[in-house]
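# Breakdown of the fold
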Amino acid sequence: MNCNGKTASRMESGTEIINLTLREKMVNRTVDLRSDTVTKPTESMRIAMANAEVDDDVLGHDPTAFRLEMEVARIMGKEAGLFVPSGTMGNLISVLVHCEIRGSEVILGDNSHIHIYENGGISTIGGVHPRTVKNNQDGSMDIDLIETAIRDRKMDICYPTTRLICLENTHANSGGRCLPVEYIDKVGELATKYGLKLHIDGARIFHASVALGVPVHRLVQAADSVSVCLSKGLGAPVGTVIVGSKGFIARAKTLRKTLGGGMRQVGVLCAAALVGLQENVAKLERDHKNAKTLAEGLNKIKGLKVDVAAVETNIVYFDILKNAYVSAEKLCNNLEERGILVMSLNSSR
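As its UniProt record puts it under Sequence similarities (unreviewed entry), the protein is described as follows: "Belongs to the threonine aldolase family." What the UniProt record of the protein gives under Cofactor (unreviewed entry) is the line "pyridoxal 5'-phosphate".

Below is the structure:
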């Protein structure tokens, strides 16, 4: 609808999904649906940042950073935590700590964030070999396929040595699907059986906890390390905390410095992340409901298709059918002209 209440779109079979031609193009408001990473700091975050008590975190003395790290570790049921600038760095550090010997191998999903979107850092920087297992539509990997991928230690003269399994919860490329605690426990049991470590890319672990109704510490109980993003959904402007044992975090802190992630008065950023933890976790349930409502509405539009049942959290993918005769790029451009921002994955999704 335009500002006068007149219809601004209509569906035409055989021509295009939405005819967005308006006589008057007026955008009074932007609705940004590209990602839950495009948030703005709330007023309470800005106040907390301005008033944050800080010191030199590289020297280990920033009180606000320490408070955030301890709080995330407590929530996750782990011994210690470490603030890093990004989830990519958090995952990289975690993999490198568990795979200290170059030539080690990590088992991970073929459609996982670490494998697809993190510049191959585990290989180019850490010399770690990725052993991919097919991700199912729900983001899981079959347990028997994971076990099959574990290298035979008797063949170390030929094979890289398997040292780590990585899971992702929620699984972004599967539409924000949640890995249930029973599945994670089974993967943890498998890792223990073969003397391996388990890392969880928990960029949206709070979303999984809320959607499943399972306390977040229980979801990651089987994991040796977890990366917890605070700028996805929780609205903090920057930051991830990785958690694990005290020994793991001690080694992680050294690697953080090596990678250029050691920052000084980082409490300014950590203060905003603390507000996100305190104020925004409770809002995620509404976020999920809004996403489901959006998915149901999109699925009613001729020419679009949404797997509504797969929308479990705050990510919505929709496909453009062939008879719609419009590309994803064109639809994105049309929507942007009307103040609605979305992202295209390919020409029809």
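The structure having been displayed, the exposition proceeds.
### Brief notes about the overall build of the protein
Scanning the protein for helices and strands turns up 13 helices and 11 strands. Here the C-alpha atoms of the protein give a radius of gyration of 22 Å, agreeing with the 20 Å that 2.2 N^0.38 yields for 349 residues. Counting all 349 residues of the protein, 48% fall into the buried class. Considering only residue pairs separated by 6 or more positions, the protein has 69% of its internal contacts joining residues 24 or more positions apart. For the protein, the exposed surface amounts to about 17,400 Å²; the carbon and sulfur share of it is 50%.

### As for the sheet that holds strand β7 (residues 225–229)
Pairing is mixed in the open sheet, where seven strands are placed in the order β2-β8-β7-β6-β5-β3-β4. Because the sheet does not close on itself, it has two edges, and the strands there are β2 (80–84) and β4 (129–133). Taking each pair of neighbouring strands and ignoring which way they run, the sheet shows an average axis angle of 25°. Along the sheet, helix α10 (residues 246–258) makes contact with β2, β7 and β8 (240–244), crossing β2 at roughly 20°.

### Things to note about the packing of aromatic side chains
Tallied over the full model, the rule gives zero aromatic pairs. Across the ring face of Y159, the terminal group of R151 is positioned such that the distance to the ring centre comes to 4.9 Å.

### Observations concerning the nonpolar core
Judged by nonpolar contacts, the single largest core of 47 residues is most densely connected at L68, M76, L167 and F206. Setting aside residues no more than four positions away along its own chain, M76 makes contact with I205, F206, V216, H217, V220, V228 and V243. Listed in part, the 22 residues of the second largest apolar core include V84, I93, V97 and L255.

### Re the confidence of the model for the protein
The predicted model of the protein has a mean per-residue pLDDT of 92, with 92% of residues at 70 or higher. Low confidence marks residues 1–24, where pLDDT is under 50. Its contacts with residues over four positions away, or in another chain, come to 44 contacts.

### Quick look at the packing of helix α3 (residues 87–98) against α10
Taken N-terminus to C-terminus, the directions of α3 and α10 make an angle of 120°; their axes are 9 Å apart at the nearest point. Accordingly, the angle class assigned to the pair α3 and α10 is oblique. Once α3 is placed against α10, the crossing between them reads as right-handed. On α10, the residues that touch M89, I93, S94, L96, V97 and H98 of α3 are F248, R251, A252, L255 and R256.

### Some details on the UniProt feature "domain: Aromatic amino acid beta-eliminating lyase/threonine aldolase" (unreviewed entry) in the protein
Feature annotation in UniProt places "domain: Aromatic amino acid beta-eliminating lyase/threonine aldolase" (unreviewed entry) on residues 32–319, given in this structure's numbering. Secondary structure across residues 32–319 comprises 41% helix and 15% strand; the distance between its end C-alpha atoms is 19 Å.

### Digging into the state of the cysteines
Enumeration over the complete set of coordinates arrives at zero disulfides. In this structure C166 is not part of a disulfide, and its nearest cysteine sulfur, from C99, lies 7.6 Å away. Under the relative-accessibility criterion, C166 is labelled buried at 5%.

### What to know about the pattern of salt bridges
Under the definition given, this model contains 13 salt bridges. A salt bridge links R177 to E312; the nearest nitrogen and oxygen atoms lie 2.9 Å apart. With R177 in the loop between β5 (161–168) and α7 (181–193) and E312 in the loop between β9 (304–305) and β10 (319–320), this residue pair connects regions lying 135 residues apart in the sequence.

### With respect to the side chain of H98
Position of H98 relative to the elements: it lies in helix α3. When its relative accessible area of 12% is taken as the criterion, H98 is described as buried. Those residues in contact with H98 that sit more than four places away from it in its chain are R163, L164, K197, H199, D224, S225 and F248.

### Brief notes about the UniProt feature "coiled-coil region" (unreviewed entry) in the protein
UniProt's entry tags residues 274–338 with the feature "coiled-coil region" (unreviewed entry), counted in the numbering of this structure. In residues 274–338, helix accounts for 49% and strand for 6%; the two terminal C-alpha atoms are 35 Å from one another.

### What about the side chain of T313?
Inspection of the secondary structure puts T313 in the loop between β9 and β10. You can call T313 buried: its relative accessible area is 0%. Not counting chain neighbours up to four residues away, the residues in contact with T313 comprise T170, G175, G176, C178, H207, A211, H288 and A291.

### Description of the environment of L212
When you line up the elements, L212 lands in helix α8 (residues 205–212). Under the relative-accessibility criterion, L212 is labelled partly exposed at 33%. Sequence spacing of L212 and L82 is 130 residues, and the spatial spacing of their C-alpha atoms is 26 Å. Setting aside residues up to four positions removed in sequence, L212 forms contacts with C178, L179, P180 and L219.

About the thresholds
- Numbers given to residues run from 1 along each chain, matching the order in which its sequence is written.
- Whole-chain, interface and lining totals are the exception, using all residues; otherwise, since this is a predicted model, local features are given only for residues with pLDDT of at least 70 and side-chain atom pairs are given and counted only at 80 or more.
- Calculated side-chain values reflect all of the structure's heavy atoms, with hydrogen atoms and water omitted.
- UniProt positions are given in the numbering used here, feature names are shortened, and annotations may be inferred rather than shown by experiment.
- In DSSP terms, a helix is any run of H or I states spanning at least four residues, a strand is any run of E spanning at least two, and both are numbered starting from the N terminus.
- All radius of gyration figures rest on C-alpha atoms, and the globule criterion is 2.2 Å times the number of residues raised to 0.38.
- Summary of the burial criterion: residues with accessible area below 20% of their type's maximum are buried, those above 50% are exposed, and those between are partly exposed, where the area comes from a 1.4 Å probe applied to protein chains only.
- Residue contacts follow a heavy-atom distance rule, with two residues in contact if any of their heavy atoms lie within 4.5 Å.
- Per-residue and other accessible areas were derived by the Shrake-Rupley procedure at a 1.4 Å probe size, with only the shown protein chains allowed to occlude residues.
- Strands were regarded as paired on the criterion that DSSP finds at least two bridges between them.
- In this analysis, axes come from line fits to C-alpha atoms, helices being fitted only over the stretch in contact, and the angle between any two N-to-C directions falls in the range 0 to 180 degrees.
- What counts as a ring pair is set by centres within 6.5 Å for rings of Phe, Tyr and Trp (its six-membered ring), and what kind of pair is set by the plane angle: stacked under 30 degrees, edge-to-face over 60, tilted for all other angles.
- Counted as over-ring charges are cases with an Arg CZ or a Lys NZ within 6 Å of the ring centre that also lie within 35 degrees of the ring normal.
- To form a nonpolar core, buried Ala, Val, Leu, Ile, Met, Phe, Trp, Tyr and Cys residues must be joined to one another through side-chain atoms within 4.5 Å.
- On a scale of 0 to 100, pLDDT captures the predictor's confidence in every residue.
- The scheme is simple: roughly parallel for angles under 35 degrees, roughly antiparallel for over 145, roughly perpendicular for 65 to 115, oblique for anything else.
- Here is the rule for handedness: rotate from the far helix to the near one, and if that takes an anticlockwise turn smaller than a right angle the crossing is left-handed, while a clockwise turn gives right-handed.
- Cysteine sulfur atoms that come within 2.5 Å of each other are treated as a disulfide pair.
- Here, a salt bridge means any Lys or Arg side-chain nitrogen found within 4 Å of an Asp or Glu carboxyl oxygen.

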